[in-house]
Amino acid sequence: MELPIPLRQGVERLLEKVPLPTLKQAAKTLSDRYRAELRDGRLHMAEEMAVKAYLATRLPATYAAVRASLDAVSEARPDYAPKTLLDVGAGPGTVLWAALDLWPDLEQAVLIEASAAVRRIGEALATEAMTARIAWLAGDVTIDLADLKPAELVTCAYVLDEIAPASLPKLIDRLWHLTDDTLLVVEPGTPAGWQRILAVRRHLIEAGAHVLAPCPHEAPCPLAAPDWCHFSRRVARSRLHRLAKDADVPWEDEKFIYVAASRHPAVHPPQARVIAPSKPGSGKVLLKLCEKDGSVDEKLFTKRDGEMFKTARRLDWGDALPE
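Residues numbered from 1 in each chain as written. Predicted model: local features only at pLDDT ≥ 70, side-chain atom pairs only at ≥ 80, totals over all residues. Heavy atoms only, no water.

1. A look at empty space enclosed by the protein
1) Next: Summed over the entire model, instances satisfying the criterion amount to one cavity of 30 Å³ or more.
2) Next: In this model, the largest cavity occupies a volume close to 170 Å³.
3) Next: Surrounding the largest cavity, 19 residues form its lining, Trp194, Pro214, Cys215, Cys221 and Cys229 being those nearest its centre.
4) Next: Contributions of two or more residues to the lining of the largest cavity are made by helix H8 (191–206) and strand E8 (251–262).
5) Next: In terms of residue count, the dominant contributor to the lining of the largest cavity is H8 (four residues).
6) Next: Of the residues belonging to the lining of the largest cavity, the class tally is 16 nonpolar, one polar and two charged. (1 Å grid on protein atoms, 1.4 Å probe; cavity = no way out; pocket = protein on both sides within 12 Å on 5 of 7 lines; lining within 4 Å. Points joined across faces, edges and corners; volume = space filled by probe spheres on them. Helix = DSSP H or I, 4+ residues; strand = E, 2+ residues; numbered from the N terminus. Nonpolar A, V, L, I, M, F, W, Y, C, P; charged D, E, K, R; others polar.)

This is the structure in structure tokens:
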């Protein structure tokens, strides 16, 4: 999954004169902060160079994860085409670009972002490429959501790892209150990210939300540590990306986890979802499935299963098994 062409071109323009050693150091610092999930009172991208490092090394991966999550929403609710978006902790507009790529008729977006450096670059990237009305607002996502208007799609991507756990329930309450239709929360696909998504999921179900994806049920998660639920998208690395990270491999796998909840039930609820890489063989494929009855199981599909085998063979990690 690649960045939309206008976004990719905008990023290239912003990065073309940045000295490589400076970019590499900023990328390392940013990566170290993300991996450590630091909560030291500082923003991960407070400075412009940190934002540019993010554009070079993280934007393609986070875009792919967000777009895959939105695709799952669209599969569950093919009737859904939001006209308004509220993105909390928006970064440089990653969700906005993904949402517009999927739903080009999006009319209005409000993006909340604490870092002035991020807002400046996000606005610069969006200025000439979008017709939607966009408002960028400064704000701390834990305290500055009181005066916002609800939106049909509310999103919070790669944000919760920067928030103290004690603040999470109040934040989710506020996000759900602001949601006219669907709320999407995306986190890194780590065991800690999975636990945060589980907490969000429980909270939303208790509030009466319908889970659209990835879960095909609203029962407690059937997985137990050391296993955990997450998904993956393979992302091509640009030449600058490889240089900035001293990487030899021309791609990377972005691991992520998400939950999408709605005030309306899924139109096409999945029978199950593939929660691990498929294991194909000669005339067979083994899938690890989270089932709609709340269980998890490995199922072997063979040629004897006819059309179901053909369907199963095409499924990948994260895909829904249709009814």
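That covers the picture; the talk isn't over yet.
2. A closer look at the environment of Cys221
1) Next: When you line up the elements, Cys221 lands in the loop between strand E6 (210–213) and strand E7 (231–236).
2) Next: When sequence neighbours within four positions are dropped, the list of residues in contact with Cys221 reads Trp194, Leu198 and Arg201. (Contact = heavy atoms within 4.5 Å.)

3. Comments concerning the packing of helix H1 (residues 5–15) against helix H3 (residues 48–57)
1) Next: The geometry of H1 relative to H3 is characterised by a closest axis approach of 10 Å and an angle of 135 degrees between their N-to-C directions. The pairing of H1 with H3 is recorded here as oblique in orientation. H3 is crossed by H1, and the crossing has left-handed handedness. Each of Val11, Leu14 and Leu15 in H1 lies in contact with H3, whose residues at this interface are Lys52, Leu55 and Ala56.
2) Next: Counted by class, the contact of H1 with H3 contains five nonpolar, no polar and one charged residues. (Axes fitted to C-alpha atoms, helices over the stretch in contact; angles between N-to-C directions. Parallel < 35°, antiparallel > 145°, perpendicular 65-115°, else oblique. Left-handed = near helix turned anticlockwise from the far one by under 90°.)

4. Brief notes about the pattern of salt bridges
Side chains that carry opposite charge are capable of pairing whenever their charged atoms lie near each other.
1) Next: All chains considered together, the criterion is met by 15 salt bridges.
2) Next: Linking Asp79 and Arg77 is a salt bridge whose minimum nitrogen-to-oxygen distance equals 3.1 Å.
3) Next: Arg77 gets classed as buried once you look at its relative accessible area, which sits at 5%.
4) Next: Arg234 is the partner of Asp253 in a salt bridge, and the nearest nitrogen-oxygen pair spans 2.8 Å. (Salt bridge = Lys/Arg side-chain N within 4 Å of Asp/Glu carboxyl O. Buried < 20%, exposed > 50% of the residue type's maximum accessible area, 1.4 Å probe, protein only.)

5. Section: the nonpolar core
1) Next: Of all hydrophobic cores here, the largest spans 94 residues; its most connected members are Leu70, Leu86 and Leu175.
2) Next: Of all the elements, helix H4 (residues 59–76) adds the most residues to this core, at nine residues.
3) Next: Residues within four places of Leu86 in sequence aside, it is in contact with Val110, Ile112, Leu148, Lys149, Ala151, Leu153, Val154, Thr155 and Leu178.
4) Next: Among the nonpolar cores identified, the runner-up in size contains ten residues, and Leu287, Phe309, Leu315 and Leu321 belong to it. (Core = buried A, V, L, I, M, F, W, Y, C linked by side-chain atoms within 4.5 Å.)

That is the geometry; function is a separate question.
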